[in-house]
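# Remarks on the overall topology
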Amino acid sequence: MKTNNFFIVSTLSVLFLISCNKKKYTEVVEVPLPTAQEKITIGMPEDVNAEPGSFLMDKLIYPYDALAPTVSPFTLETHYSKHYLTYTNNFNKAVIGTGLENLSIEEVISQLDVNNTELRNNAGGYYNHSIYWKSMAPDAGGVPTDTIASVINRDFGSYENFKVAFSAEATKQFGSAWVWLVVQKGGKLQITSTQNQDNPLMRNSLVKGTPIIGLDLWEHAYYLGYQYRRKNYIESFYNVLNWKKINEAYESAIRRKY
Ligand code: FE2
């Protein structure tokens with residue numbers, strides 16, 4: 001009987017202690033709001049400068065919050081001021097001593113030794129992002145205009161067909177990649193893709209051409225805003241396409257010698 005009483009008292013004590021602990025963890029705790037010093041601040045693209053080198057960073061023609069919601073302000077700031085800055089600095093170091101320092105970036109990309117991984121990755125990272133920044137603008141999107149509009153209709157049948165083909169190419173990518181609209185011989189448009197920081201100007205490219213639209217499909221380009229929903233990022237890209245610049249890039253590309 002004594003043993004039973006002891007068991008009952010012990011059990012009630014344990015239940016009481018659990019009850020007390022539960023009460024402790026269900027209390028409402030007031031969380032202080034962040035102070036002014038703790039708020040996230042978004043900088044300015046013009047304040048970002050690469051280390052001295054042969055190649056300068058492309059200046060963004062819009063602030064970090066200009067492409068929202070397609071590209072969130074924090075994504076664009078991180079992308080430009082951290083990733084692109086790092087590619088630029090590393091490219092300027094990697095190109096030293098290669099004999100390519102004084103060429104145009106397009107000549108560097110098309111002539112570099114693809115076995116030089118450091119140069120290939122960073123030259124590609126530098127060039128690819130410059131195409132990406134120019135592909136987009138605030139208050140843009142909609143249907144293409146000028147020459148590029150008629151060329152898209154000629155080569156894809158319609159702008160809608162172009163979007164379907166471009167999205168299909170983007171959606172099938174796995175891992176870090178880029179999707180391109182390139183200009184080939186005779187001014188023909190072609191959609192293609194490359195892995196890592198390769199691009200269609202490189203010697204090893206299976207589909208060659210001059211890029212006039214570049215979509216960055218690395219996670220750093222979209223993850224803060226979209227997480228795993230890469231398809232939503234792809235579909236939103238059309239809302240910021242800078243057709244004026246893309247048309248200029250097309251007309252410049254067809255004047256180049258291939
Ligand atoms: Fe990127």
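The structure displayed is predicted, hence computed values, not measured ones. (Residues numbered from 1 in each chain as written. Predicted model: local features only at pLDDT ≥ 70, side-chain atom pairs only at ≥ 80, totals over all residues. Heavy atoms only, no water.)

With that settled, the discussion passes to the coordination of the iron ion. Metal coordination angles have textbook ideals: 109.5 degrees for a tetrahedral set of four donors and 90 or 180 degrees for an octahedral set of six. His-79 (NE2), His-129 (NE2), Asp-216 (OD) and His-220 (NE2) make up the full set of protein donors to the iron ion, lying at 2.0 to 2.1 Å. Geometry at the iron ion is irregular, judged from its 4 donor atoms and the angles of 90 to 137° they form at the metal. Look at where the donors of the iron ion fall in the sequence and you get H-x49-H-x86-D-x3-H. Here His-79, found in helix α2 (residues 73-94), pairs with Asp-216, found in strand β3 (residues 210-216); they are 137 residues apart in sequence, far enough to count as distant. The same class applies to His-79 and to Asp-216, which are both buried. (Donors = N, O, S within 2.8 Å, 3.2 Å for Na, K, Ca; no water. Tetrahedral: all angles 85-135°; square planar, octahedral: opposite > 155°, others 65-115°. Helix = DSSP H or I, 4+ residues; strand = E, 2+ residues; numbered from the N terminus. Buried < 20%, exposed > 50% of the residue type's maximum accessible area, 1.4 Å probe, protein only.)

Attention now goes to a nonpolar patch on the surface. A cluster of nonpolar side chains, namely Ile-42, Phe-74 and Leu-224, defines an oily patch on the protein surface of about 270 Å² accessible area. By the secondary structure assignment, Leu-224 is in helix α7 (residues 223-226). (Patch = residues over 30% accessible without salt bridge, like charges linked within 9 Å, V, L, I, M, F, W, Y side chains within 5 Å. Areas by Shrake-Rupley, 256 points an atom, 1.4 Å probe, with all protein chains shown as cover. Salt bridge = Lys/Arg side-chain N within 4 Å of Asp/Glu carboxyl O.)

Looking now at the environment of Thr-194. Residue placement: Thr-194 occurs in strand β2 (residues 189-195). Through-space distance from the C-alpha of Thr-194 to that of Trp-180 is 8.1 Å; in sequence the pair is 14 residues apart. Thr-194 has contacts with Ala-177, Trp-178, Trp-180, Asn-199 and Pro-200, leaving out every residue within four places of it along the chain. There is a polar contact of 2.9 Å between the side chain of Thr-194 and the side chain of Trp-180. (Contact = heavy atoms within 4.5 Å. Polar contact = N/O pair within 3.5 Å; in protein donor to acceptor, adjacent residues only side chain to side chain.)

Spatially, 3 strands are ordered β2-β1-β3 in an open sheet, and the strand pairing comes out antiparallel. Taken across any chain shown, the strands that pair with only one partner, and hence form the sheet edges, are β2 and β3. Here the strands of the sheet are splayed against their neighbours by 25° on average, with no regard to which way each runs. With 6 bridges connecting them, strand β1 (residues 177-183) and β3 associate as antiparallel partners. (Pairing = 2+ DSSP bridges. Axes fitted to C-alpha atoms, helices over the stretch in contact; angles between N-to-C directions.)

If you look at the biggest cluster of nonpolar residues, it comprises 67 residues, and the most contacted ones within it are Tyr-132, Phe-162, Phe-166, Leu-189 and Leu-215. Apart from the residues lying within four places of it in its own chain, the contact partners of Phe-162 are Ile-152, Phe-156, Leu-181, Ile-191, Ile-213, Tyr-238 and Trp-243. (Core = buried A, V, L, I, M, F, W, Y, C linked by side-chain atoms within 4.5 Å.)

Quick look at the layout of surface pockets now. By rolling a water-sized probe across the atoms, one finds the places where empty space is left. Here the largest pocket defines a volume of roughly 320 Å³. If you go around the largest pocket, you meet 18 residues; those closest to its centre are Glu-106, Ile-131, Lys-134, Pro-211 and Ala-249. Of all the secondary-structure elements, those providing two or more residues to the lining of the largest pocket are α3 (105-111), α4 (117-135), β3 and α9 (243-253). Among the elements that take part in the lining of the largest pocket, α4 stands out by supplying 6 residues, more than any other. Considering only residue class, the lining of the largest pocket consists of 9 nonpolar, 4 polar and 5 charged. (1 Å grid on protein atoms, 1.4 Å probe; cavity = no way out; pocket = protein on both sides within 12 Å on 5 of 7 lines; lining within 4 Å. Points joined across faces, edges and corners; volume = space filled by probe spheres on them. Nonpolar A, V, L, I, M, F, W, Y, C, P; charged D, E, K, R; others polar.)

Time to look at unusual backbone geometry. Each neighbour pair has its own omega, and for Ala-68 with Pro-69 the value is 5°, a cis peptide bond. By the element assignment, Pro-69 lies in the loop between α1 (2-26) and α2. Notably, Asn-196 is not glycine yet its phi reads approximately 55°, a positive angle. Within the element layout of this structure, Asn-196 appears in the loop between β2 and β3. Residue class for Asn-196 comes out partly exposed when judged on its relative accessible area of 43%. For Gln-227, which is not glycine, the phi torsion reads 50° and is therefore positive. Topologically, Gln-227 is positioned in the loop between α7 and α8 (230-237).

Looking at the secondary structure, you find Leu-206 in the loop between β2 and β3. On the accessibility criterion, Leu-206 (87% relative accessible area) is exposed.

Now for the packing of aromatic side chains. A full pass over the atoms with the stated rule returns 21 aromatic pairs. The interplanar angle of 40° and the centroid separation of 5.4 Å between the aromatic rings of Tyr-80 and Tyr-84 together place this pair among those described as tilted. Linking Tyr-80 with Tyr-84, this pair stays in helix α2, spanning 4 residues, or about one helical turn. For the pair Tyr-80 and Tyr-84, a shared accessibility class is recorded, and that class is buried. Measuring from centroid to centroid gives 5.4 Å for Phe-156 and Phe-162, while their planes differ by 65°, and the two rings are edge-to-face. (Phe/Tyr/Trp six-rings, centres within 6.5 Å; stacked < 30°, edge-to-face > 60°.)

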